[in-house]
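# Notes for the structure review
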Amino acid sequence: MNEKSLLKSIALGSEEALEQLYNHYGDRVYNTIISYTKNAEDSEELLHDVFITIYNTARTFQFNSSVSTWIYRITVNKSLDFLRKQKSQKRQGILTSLYVKDTSEIKYESADFVHPGVKLENKEDAKLLFRAIDTLSEHQKTAFILTQIEGLPQKEVAEIMNQTRKSVESLVQRAKVNLRKELEKYYPERGKSKNITSD
Amino acid sequence: MNKKDRIEEIMHSVGGMQRAKAPADAFSKIRQKLADPPKEQETSSYRWLGVAAVILLVICSNVVIISNYYSNESWSQHSDYLQLTSDFNLYENG
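About the cut-offs
- Residues numbered from 1 in each chain as written.
- Chains lettered and ligands numbered in written order.
- Predicted model: local features only at pLDDT ≥ 70, side-chain atom pairs only at ≥ 80, totals over all residues.
- Heavy atoms only, no water.
- Helix = DSSP H or I, 4+ residues; strand = E, 2+ residues; numbered from the N terminus.
- Buried < 20%, exposed > 50% of the residue type's maximum accessible area, 1.4 Å probe, protein only.
- Contact = heavy atoms within 4.5 Å.
- Areas by Shrake-Rupley, 256 points an atom, 1.4 Å probe, with all protein chains shown as cover.
- Expected span 1.5 Å × (residues − 1).
- Core = buried A, V, L, I, M, F, W, Y, C linked by side-chain atoms within 4.5 Å.
- Domains from an automatic or database assignment.
- Salt bridge = Lys/Arg side-chain N within 4 Å of Asp/Glu carboxyl O.
- 1 Å grid on protein atoms, 1.4 Å probe; cavity = no way out; pocket = protein on both sides within 12 Å on 5 of 7 lines; lining within 4 Å.
- Points joined across faces, edges and corners; volume = space filled by probe spheres on them.
- Nonpolar A, V, L, I, M, F, W, Y, C, P; charged D, E, K, R; others polar.
- pLDDT = per-residue confidence, 0-100.

## Here we look at the overall build of chain A
The number of helices and strands found in chain A is eight helices and zero strands. Taken from N to C terminus, the helices and strands of chain A fall in the order α-α-α-α-α-α-α-α. For chain A, with 199 residues in total, the buried portion stands at 44%. Taking contacts inside chain A between residues at least 6 apart in sequence as the whole, the part at least 24 apart equals 62%. Split by element, the accessible area of chain A, about 10,900 Å² in all, is 48% carbon and sulfur.

What follows is the structure, encoded as structure tokens:
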């Protein structure tokens, strides 16, 4: 069954069709989400949320774009929404910490996040790179994650982001420039240890 | 290794990485959620309805207070004027 007919079946309420779509896209969606959230539990929650949204909104799909583009678009939007919410909670947390003494249990993100797919020998470096990715703007972050981590072609990323291929190319370039600038801050003095702890 | 090379090494640390795998039981949890959707939305819409009702009440009471204030003021001004004209007999002939 092709993806469009799968989506038509989902629109009619078929959970089996949703399962087939999940088998094809589940890992891709999860991989994208975890690159944004840097937390396995939040990523699983968002993964559920993405497929529930697909199930509930399949009937509104216009077939103007590919199913893959639509799923990635939902995934990116949910991930960015999550980050915005997390940011505002963080802001509230700072205010709360001014009045509440015991705020040690408030934990927003893991500074020691290592993407599960990274090679063992690159884990420490990837930890730094993901910390630097956090500092990028939403557009640059999305362009970088989709092209460099998810490995999508720029053309598809352009469709997902509703941008031209040229602007995605420039977003990726600017993201790389900014990441290098950010990494310079983390880089230790010459001759010191390669590993940097997050403190 | 110099700083520039080190940064390039970090930049390429995600090269050749594998895709993260979704938890094995994730789809059964999705099925469970589809069968039993959370009632959170309903609660939040009731909460917003409550907030709207309070705002409406505050606006209405303010309108009532302000309109009462102005109607009393205009009446008191009018009565002051009557008092003044009668005290000095401004328009009385003879």
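## With respect to helix H8 (residues 165–186) of chain A
Compared with the 32 Å implied by 1.5 Å per residue over 22 residues, the 32 Å span of H8 of chain A between its first and last C-alpha is a close match. Contact partners of the buried residues in H8 of chain A: helix H5 (123–133), helix H6 (138–149) and helix H7 (154–161) of chain A together with helix H1 (3–11) of chain B.

## Concerning the nonpolar core
Residues and elements named next belong to chain A. Phe 51 and Ile 54 are the most contacted members of the largest nonpolar core, which has 68 residues in total. Looking at which element gives the most residues to this core, the answer is helix H2 (residues 15–37), with ten residues. Three or more residues apiece are contributed to this core by two domains, here domain 1 (1–82) and domain 2 (113–192). Setting aside its immediate chain neighbours within four residues, Ile 54 contacts Leu 7, Ile 10, Leu 18, Leu 21, Trp 70, Ile 71 and Ile 74.

## Some points on H5 of chain A
Most of H5 of chain A sits out of view: eight of its eleven residues are buried. Those residues of H5 of chain A not exposed but buried are Asp 125, Ala 126, Lys 127, Leu 128, Leu 129, Phe 130, Ala 132 and Ile 133 of chain A. Residues of H5 of chain A that are buried make contact with H2, H6 and H8 of chain A together with H1 of chain B.

## Considering the pattern of salt bridges
One pass over the structure, following the stated rule, counts 19 salt bridges over all chains. In this structure, Glu 15 of chain A and Arg 31 of chain B form a salt bridge, with 3.0 Å as the shortest nitrogen-oxygen distance. Pair noted here: Glu 15 of chain A is in helix H2 and Arg 31 of chain B is in helix H2 (residues 26–35), and the two residues belong to different chains. Here Glu 15 of chain A falls in the partly exposed class, since its relative accessible area comes to 22%.

## Here we look at unusual backbone geometry
Residue and element names in this part refer to chain A. Phi is positive for Lys 38, close to 60°, though the residue is something other than glycine. Along the chain, the position of Lys 38 falls in the loop between H2 and helix H3 (40–57). Residue Lys 38 is classed as buried on the basis of its relative accessible area, which comes to 5%. If you check the backbone angles, Asn 162 has positive phi at about 60° while not being a glycine. Mapped onto the secondary structure, Asn 162 falls in the loop between H7 and H8. You can call Asn 162 exposed: its relative accessible area is 63%.

## Brief notes about the layout of surface pockets
All names here are of chain A. In this structure, the second largest pocket occupies an estimated 330 Å³ of space. Lining the second largest pocket are twelve residues, with Leu 83, Gln 86, Lys 87, Asp 134 and Lys 141 sitting closest to its centre. Looking at the lining of the second largest pocket, the elements that each hand over two or more residues are helix H4 (67–99) and H6. A total of six residues in the lining of the second largest pocket trace back to one element, the largest contributor, which is H4. Residue classes in the lining of the second largest pocket are distributed as three nonpolar, two polar and seven charged.

## Focus: the confidence of the model for chain A
Residues and elements named next belong to chain A. Across chain A, the average pLDDT comes to 87, with 84% of residues at or above 70. Across residues 103–108 the pLDDT falls below 50, and counting only partners more than four positions away or on other chains, this stretch makes five contacts in the model. Of the regions scoring below 50 in pLDDT, residues 190–194 engages in five contacts with residues more than four places distant in sequence or in other chains.

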